[in-house]
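This is what each chain is made of:
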Amino acid sequence: MLAGVLGDGVGGGAGRSVTAPWQLYAVNALLAFGWAGTSLGMITNTLGLWFDTRRGMAISLALNGASFGGIIGVPLLGRGDREV
């Protein structure tokens, strides 16, 4: 999971300085690795180990939080250096 977070962070940061198409492919590869390490499978497996009772509720809350983070985070990342 930590490798996935690192891949997302490095890919997101490197995406701001892409100047050539090959760099875009490299950034997308990092983001894909990060997504695999932090998406549905990783969240449910991790929480499944932590919670014996009310496991469904814990997974539901975690996945709703992840979705909300995607709704808020994507526009903030796409904003870049432009004036609003």
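Residues numbered from 1 in each chain as written. Predicted model: local features only at pLDDT ≥ 70, side-chain atom pairs only at ≥ 80, totals over all residues. Heavy atoms only, no water.

Here we look at the environment of Thr-46
Right, so step 1: Structurally, the position occupied by Thr-46 is in helix H3 (residues 40-50).
Right, so step 2: Along the backbone, Thr-46 and Met-1 are 45 residues apart, and their C-alpha atoms lie at a distance of 9.0 Å. (Helix = DSSP H or I, 4+ residues; strand = E, 2+ residues; numbered from the N terminus.)

So, the environment of Trp-35
Right, so step 1: Mapped onto the secondary structure, Trp-35 falls in helix H2 (residues 21-38).
Right, so step 2: The spatial distance from the C-alpha of Trp-35 to the C-alpha of Leu-49 is 20 Å, given a sequence separation of 14 residues.

Digging into the pattern of salt bridges
Right, so step 1: On inspection of all chains with the given rule, the structure shows one salt bridge.
Right, so step 2: The residue Asp-52 makes a salt bridge to Arg-55 at a minimum N-O spacing of 3.7 Å.
Right, so step 3: Its relative accessible area of 35% is what places Arg-55 among the partly exposed residues. (Salt bridge = Lys/Arg side-chain N within 4 Å of Asp/Glu carboxyl O. Buried < 20%, exposed > 50% of the residue type's maximum accessible area, 1.4 Å probe, protein only.)

Some points on the confidence of the model for the chain
Right, so step 1: Of all residues in the chain, 90% have pLDDT values of 70 or greater, and the mean over the chain is 82.
Right, so step 2: The secondary structure element of the chain with the lowest average pLDDT is helix H4 (residues 55-79), at 80, and the one with the highest is H2, at 88. (pLDDT = per-residue confidence, 0-100.)

What to know about a nonpolar patch on the surface
Right, so step 1: Together, Phe-68, Ile-71, Ile-72 and Leu-76 line one region of the surface with nonpolar side chains, adding up to about 440 Å² of accessible area.
Right, so step 2: In this fold, Phe-68 is placed in helix H4. (Patch = residues over 30% accessible without salt bridge, like charges linked within 9 Å, V, L, I, M, F, W, Y side chains within 5 Å. Areas by Shrake-Rupley, 256 points an atom, 1.4 Å probe, with all protein chains shown as cover.)

Some details on the packing of helix H1 (residues 2-14) against H2
Right, so step 1: Where H1 contacts H2, the two axes come as close as 7 Å, and the packing angle between them is 150°. By the angle class used here, H1 and H2 are roughly antiparallel. Our pair here, H1 against H2, has a crossing hand that is left-handed. Contacts between H1 and H2 involve Ala-3, Gly-4, Val-5, Gly-7, Asp-8, Val-10, Gly-11, Gly-12 and Ala-14 from the former and Val-27, Leu-30, Leu-31, Phe-33, Gly-34, Trp-35, Gly-37 and Thr-38 from the latter.
Right, so step 2: Across the contact of H1 with H2, the residue classes tally to nine nonpolar, seven polar and one charged. (Axes fitted to C-alpha atoms, helices over the stretch in contact; angles between N-to-C directions. Parallel < 35°, antiparallel > 145°, perpendicular 65-115°, else oblique. Left-handed = near helix turned anticlockwise from the far one by under 90°. Contact = heavy atoms within 4.5 Å. Nonpolar A, V, L, I, M, F, W, Y, C, P; charged D, E, K, R; others polar.)

Notes on unusual backbone geometry
Right, so step 1: One non-glycine residue, Arg-54, lies in positive phi territory at about 60°.
Right, so step 2: You can see Arg-54 is positioned in the loop between H3 and H4.
Right, so step 3: The class for Arg-54 is exposed, based on a relative accessible area of 61%.

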